[in-house]
Amino acid sequence: MSRIVRAAAIQISPVLGDDGLGTARKVCQAIRDAAEKGVKLAVFPETFVPYYPYFSFIQPAFRFGGEHLELYERAVVIPGPVTDMVAEAARDTGMVVVLGVNERDFGTLYNTQIIFDATGDILLKRRKITPTYHERMVWGQGDGAGLRVVDSAAGRIGALACWEHYNPLARYALMTQHEEIHCAQFPGSLVGQIFADQMEVTIRHHALESGCFVVNATGWLTEDQIRDIARDPALEGPLRGGCFTAIVSPEGKLLGAPLTEGEGMVIADLDFALITKRKRMMDSVGHYARPELLSLLQDRRPAGTVHYVGEVGSDVSVLLSSDEVVS
């Protein structure tokens, strides 16, 4: 008998101008609302808590210092109050939750994806490996340690943020780990219809290539929020459109109508028998692979600014050549 998991891709607007916890409270309420509909996996948008740094897309860097500092003050420390709140909601509802946050690690912000298991435990904290264009003025770079698929109550889950989906080797790294559900996150309310069109192509292609389900969530800005962020009518246009919250089957089929405006949820039952049906025809990391011709090298070492030689558990080879390693 095939396993079936009910999933929700949640399109939602942040809470702006508060202490940073308002959006997290809204996430917890959405988790409980989804639970009433039988959902066991919920995916939220990219860096949704406290909010995506839209200011960096419409303002030159020398003007958004104030907004950047505000984001520092409201960003998420892991573990901390935000992760405690979301973990409690996941545990209370027995739901797997994939949440995008602005993570603060001392003096640097990161675009971070957190996967909470149905027990409330954090299964994975990963950082976007390369922030895109304007985002490089806001976030630091992640590393290969987070390119992992984890076993959860909902299945084997992998996650990437936004244009990481245009890095075929990053996607392949997850495919080799046999992800069953891929959780994609985009900011939404950005760039316009072309962004939504590109997003649809991207997530449907990954579903086909990986032979997995894709649950994709984008954010949503209200008209009042657009005006508050833009502060100039001429800058409001780039903050509209670009929403495509959807769930895709391993055969590349949209499971239900995508959500392109307003808040709401796209909910679908994921029948895992479809994974086998697709991979019987084309398994990119199995019978359709040619590893003797093409293979992937992945460095999973966490990026570190210091390596201590001589301490218990230290990796001396990081610092010394093979001829210099001491036992």
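Residues numbered from 1 in each chain as written. Predicted model: local features only at pLDDT ≥ 70, side-chain atom pairs only at ≥ 80, totals over all residues. Heavy atoms only, no water.

- Going by what an unreviewed UniProt entry lists, the protein chain is known as Nit6803 family nitriliase and is assigned to Gluconacetobacter aggeris.

1. Some points on the environment of Lys 26
Move 1: Position of Lys 26 among the secondary structure elements: in helix 1 (residues 22-35).
Move 2: Judged by relative accessible area, which is 25%, Lys 26 ranks as partly exposed.
Move 3: Between the C-alpha atoms of Lys 26 and Phe 213, which are 187 residues apart in sequence, the distance is 26 Å.
Move 4: Excluding its chain neighbours within four sequence positions, the residues that come into contact with Lys 26 are Ile 12, Ser 13, Val 15 and Glu 263. (Helix = DSSP H or I, 4+ residues; strand = E, 2+ residues; numbered from the N terminus. Buried < 20%, exposed > 50% of the residue type's maximum accessible area, 1.4 Å probe, protein only. Contact = heavy atoms within 4.5 Å.)

2. A word on the nonpolar core
Move 1: Formed by 31 residues in total, the largest nonpolar core has its most connected members in Tyr 54, Phe 186, Ile 203, Val 214 and Leu 239.
Move 2: Only helix 2 (55-58), helix 3 (65-74), strand 8 (181-186), helix 6 (193-210), helix 7 (223-230) and strand 10 (246-248) provide two or more residues apiece to this core.
Move 3: Counting residues per element, this core draws most heavily on helix 6, which supplies five residues.
Move 4: Among residues more than four places away in sequence, those in contact with Tyr 54 are Pro 187, Gly 188, Ser 189, Leu 190, Leu 221, Ile 229 and Leu 239. (Core = buried A, V, L, I, M, F, W, Y, C linked by side-chain atoms within 4.5 Å.)

3. As for the side chain of Thr 218
Move 1: Considering the arrangement of structural elements, one finds Thr 218 in strand 9 (residues 213-218).
Move 2: At a separation of 2.9 Å, a polar atom in the side chain of Thr 218 contacts the side chain of Gln 11.
Move 3: At 3.3 Å, the side chain of Thr 218 and the backbone nitrogen of Phe 244 are in polar contact.
Move 4: Dropping the residues within four chain positions of it, Thr 218 is found in contact with Ile 10, Gln 11, Ile 12, Pro 45, Phe 186, Pro 187, Gly 188, Met 199, Gly 242, Cys 243, Phe 244 and Thr 245. (Polar contact = N/O pair within 3.5 Å; in protein donor to acceptor, adjacent residues only side chain to side chain.)

4. A few points about the packing of helix 1 against helix 4 (residues 81-93)
Move 1: Two elements in contact, helix 1 and helix 4, have axes separated by 9 Å at closest approach and are oriented at 5°. As judged from the angle between their axes, helix 1 and helix 4 are roughly parallel. Along its contact with helix 1, which presents Ala 24, Arg 25, Val 27, Cys 28, Ile 31, Arg 32 and Ala 35, the element helix 4 presents Val 82, Met 85, Val 86, Ala 89, Asp 92 and Thr 93.
Move 2: Partitioning the contact of helix 1 with helix 4 into residue classes produces nine nonpolar, one polar and three charged. (Axes fitted to C-alpha atoms, helices over the stretch in contact; angles between N-to-C directions. Parallel < 35°, antiparallel > 145°, perpendicular 65-115°, else oblique. Nonpolar A, V, L, I, M, F, W, Y, C, P; charged D, E, K, R; others polar.)

5. Here's the deal with the pairing of strand 5 (residues 122-127)
Within a regular strand, the side chains alternate between the two sheet faces.
Move 1: In this sheet, strand 5 lies alongside strand 4 (residues 108-116) in antiparallel orientation, the contact comprising five bridges. By the bridge assignment for strand 5, Phe 116 is matched with Ile 122.
Move 2: Between the end of strand 4 and the start of strand 5, which pair antiparallel, lie five residues, with Gly 120 showing a positive phi angle near 95°. (Pairing = 2+ DSSP bridges.)

6. Some details on the sheet that holds strand 2 (residues 41-43)
Move 1: Strand order in the open sheet formed by six strands is 5-4-3-2-1-11, with mixed pairing between adjacent strands. In the strand order of this sheet, the two ends are held by strand 5 and strand 11 (264-271), each with one partner. Averaged over all pairs of adjacent strands, the angle between strand axes in this sheet comes to 25°, irrespective of strand direction.
Move 2: Across eight bridges, strand 1 (residues 4-11) lies against strand 11 in antiparallel orientation. Within the sheet, the bridge partner assigned to Ile 10 lies in strand 11 and is Met 265.
Move 3: Together, strand 1, strand 3 (96-105) and strand 11 form the strand contacts of helix 1, whose direction differs from that of strand 11 by roughly 50°.

7. Focus on the packing of aromatic side chains
Move 1: All told, the structure shown has six aromatic pairs when counted by the stated rule.
Move 2: Judged by centre distance (4.9 Å) and plane angle (70°), the ring pair of Tyr 52 and Tyr 54 falls under edge-to-face. With respect to class, Tyr 52 is no different from Tyr 54; both count as buried.
Move 3: Here Phe 213 and Phe 272 contribute two aromatic rings whose centre-to-centre distance is 6.1 Å and whose plane-to-plane angle is 40°, an arrangement assigned as tilted. Residue Phe 213 is found in strand 9, and its partner Phe 272 is found in the loop between strand 11 and helix 8 (273-281); the two are separated by 59 residues along the sequence. When sorted by exposure, Phe 213 lands in the same class as Phe 272, which is buried.
Move 4: Ring pairing ties together the aromatic residues Tyr 52, Tyr 54 and Trp 139, which thus form one cluster.
Move 5: Over the ring of Phe 272 we find Arg 3; its NZ or CZ atom is 4.1 Å from the centre of that ring. (Phe/Tyr/Trp six-rings, centres within 6.5 Å; stacked < 30°, edge-to-face > 60°. Lys NZ or Arg CZ within 6 Å of the ring centre and 35° of its normal.)

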